[in-house]
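# Examining the three-dimensional arrangement
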Amino acid sequence: MSDDSHVHCCATTHPSDDLEPLREAIAQAVRDVKEKTPLAQSFTNFVTINLVANAQLAAGGTAAMSFLPDDVIETAKIAGANYINVGTLLPFYKDALPAIAQRLNYLGKLWVLDPVAAGIGKTRTAILQSFKAAPPTVIRANASEVIALANMWGLLDADNASRPVGVESVDEVDAAVEPAKQLAQFLAASAPNQQAAVAVSGKVDLVTDGEHVYRLPGGSALMAKITGAGCSLGGVTATYLAVAEPLVAALAASLLYDRAAEVAEAEAKGPGSFQVAFLDALWNVTAEQVAGSDIVTQ
Ligand SMILES: Nc1ncnc2c1ncn2[C@@H]1O[C@H](COP(=O)(O)OP(=O)(O)OP(=O)(O)O)[C@@H](O)[C@H]1O
Ligand SMILES: Cc1ncsc1CCO
Ligand SMILES: [Mg+2]
């Protein structure tokens, strides 16, 4: 068998590559969530809060949504991981979110950040700035948000211009490779076991632990036609973070989303039926399908 045919055979059907240990850890994370039904707590936006909870349940976990600091901290004590999404802000968040992040970090509680609309508004900027001193373990965002946050935290050189973006990405995932690596390295430096990850969503998703970069092709363009695809991916990433290390959690969640989106697209007539089919597919996609996905490391 030539090298070419070997690569073709195994990348597309039954993978047998040097990612085998990582694939086994991803499969184990998917199985563990289905078996252990871990609780991941969310402090998230009002637009997509229902989809976040339903996606966490469909992946096999459980959900709890909280906003008041004492509620968040008490729930964090019984949750496996936590999720903060700054999509819709209220005045009290300006003090509450920095205090919550500090307390989570002090207690050693892991959390995932979705810096929705990073760069927009003084309040959001103050909140996201404050997280630099009490960082999450995983960041899940679109490319524009990753670039904006890395800039805000002073992790980039002047070449990477910062500008505010809305909730939709205006950048390609490839433009966020270096910002994502810088962010992951920064998170890892203050993380338990020095392990962290950044997941950048888009047509081809990208996940990095600060050292390695993994590109995840596939999914469906219809994901951009339902609100909360990204927000709920952050929530499901927290569900996996309750049972797995950050890199494995970020990969498992992003790959589950890609496979489930493909199943849903085949059944959907439009965005409405797509969202319903997508939730069903989150439930039905197997650990083997997730772990057997194409993962591009070049
Ligand atoms: N063109 C596309 N093709 C395939 N998958 C896509 C596409 N665009 C987005 N996705 C998928 O949609 C999910 C969310 O990614 P997206 O980049 O839209 O997040 P987002 O901008 O933060 O979304 P939101 O803030 O609306 O929740 C990911 O699973 C990603 O792979
Ligand atoms: C549409 C929208 N507006 C604030 S948060 C949100 C959900 C997608 O990020
Ligand atoms: Mg988003």
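Residues numbered from 1 in each chain as written. Chains lettered and ligands numbered in written order. Predicted model: local features only at pLDDT ≥ 70, side-chain atom pairs only at ≥ 80, totals over all residues. Heavy atoms only, no water.

The protein is annotated in an unreviewed UniProt entry as Hydroxyethylthiazole kinase of Bifidobacterium colobi. UniProt's Cofactor (unreviewed entry) comment on the protein is quoted here verbatim: "Mg(2+)". UniProt, in the comment section headed Function (unreviewed entry), describes the protein in these words: "Catalyzes the phosphorylation of the hydroxyl group of 4-methyl-5-beta-hydroxyethylthiazole (THZ)." (UniProt positions renumbered as here; feature names shortened; annotations may be inferred.)

This part takes up the pairing of strand S1 (residues 39-43). Across the five residues of S1, five count as buried, placing the element largely inside the fold. Alignment of S1 against strand S2 (residues 62-65), held across four bridges, turns out to be parallel. The residue of S2 that forms the bridge with Leu39 is Thr62. Relative to strand S3 (residues 81-85), S1 runs parallel, the two sharing four bridges. Bridging across to S3, Gln41 finds its partner in Asn82. (Buried < 20%, exposed > 50% of the residue type's maximum accessible area, 1.4 Å probe, protein only. Helix = DSSP H or I, 4+ residues; strand = E, 2+ residues; numbered from the N terminus. Pairing = 2+ DSSP bridges.)

Taken together, the neighbourhood of ligand 1 is formed by 19 residues, with Arg140, Ser201, Asp205, Gly230 and Cys231 sitting nearest. A distance of 3.4 Å separates an oxygen atom of ligand 1 from a polar backbone atom of Ala229. Within the backbone of Cys231, an N or O atom sits 3.0 Å from an oxygen atom of ligand 1. Protein chains bury 88% of the 620 Å² of accessible surface belonging to ligand 1 in isolation. The pocket occupied by ligand 1, as judged from atoms lying within 2 Å of grid points, is the largest pocket. Ranked by residue count, the leading element in the shell around ligand 1 is helix H9 (residues 229-241), at four residues. Tallied by class, residues from the shell around ligand 1 come to seven nonpolar, eight polar and four charged. (Near = heavy atom within 4 Å. Polar contact = N/O pair within 3.5 Å; in protein donor to acceptor, adjacent residues only side chain to side chain. Areas by Shrake-Rupley, 256 points an atom, 1.4 Å probe, with all protein chains shown as cover. 1 Å grid on protein atoms, 1.4 Å probe; cavity = no way out; pocket = protein on both sides within 12 Å on 5 of 7 lines; lining within 4 Å. Sits in = over half its atoms within 2 Å of the grid points. Nonpolar A, V, L, I, M, F, W, Y, C, P; charged D, E, K, R; others polar.)

With that settled, the discussion passes to the confidence of the model for the protein. Across the protein, the average pLDDT comes to 93, with 91% of residues at 70 or higher. Among the prediction metrics, the complex's ipTM stands at 0.98, with pTM recorded as 0.93. (pLDDT = per-residue confidence, 0-100.)

What follows concerns helix H8 (residues 177-189). Look at H8: 18 Å from first C-alpha to last across 13 residues, which is about the 18 Å you get at 1.5 Å a residue. Turning to H8, the residues buried within the fold contact strand S5 (138-142), helix H7 (143-152), strand S6 (197-201), strand S7 (205-208) and strand S8 (213-216). (Expected span 1.5 Å × (residues − 1). Contact = heavy atoms within 4.5 Å.)

You will see that Ala117, though not glycine, has its phi angle at about 60°, which is positive. Structurally, Ala117 is set in the loop between strand S4 (111-114) and helix H6 (122-130). When its relative accessible area of 4% is taken as the criterion, Ala117 is described as buried.

Attention now goes to a nonpolar patch on the surface. Residues Phe46, Leu68, Leu90 and Phe92 make up a contiguous nonpolar surface patch of about 360 Å² in total accessible area. Here Leu68 is to be found in the loop between S2 and helix H4 (69-76). (Patch = residues over 30% accessible without salt bridge, like charges linked within 9 Å, V, L, I, M, F, W, Y side chains within 5 Å. Salt bridge = Lys/Arg side-chain N within 4 Å of Asp/Glu carboxyl O.)

This part is about the packing of aromatic side chains. A full pass over the atoms with the stated rule returns nine aromatic pairs. On the numbers, 5.0 Å between centres and 75° between planes, the contact of Trp111 with Phe131 is edge-to-face. Placement of Trp111 in strand S4 and of Phe131 in the loop between H6 and S5 is noted, with a sequence separation of 20 residues between them. Owing to a relative accessible area of 0%, Trp111 belongs among the buried residues under this scheme. Summarising the aromatic geometry, the rings of Trp153 and Phe186 are spaced 5.5 Å apart at their centres and angled 55° between planes, so their arrangement reads as tilted. Here Trp153, found in the loop between H7 and H8, pairs with Phe186, found in helix H8; they are 33 residues apart in sequence, far enough to count as distant. (Phe/Tyr/Trp six-rings, centres within 6.5 Å; stacked < 30°, edge-to-face > 60°.)

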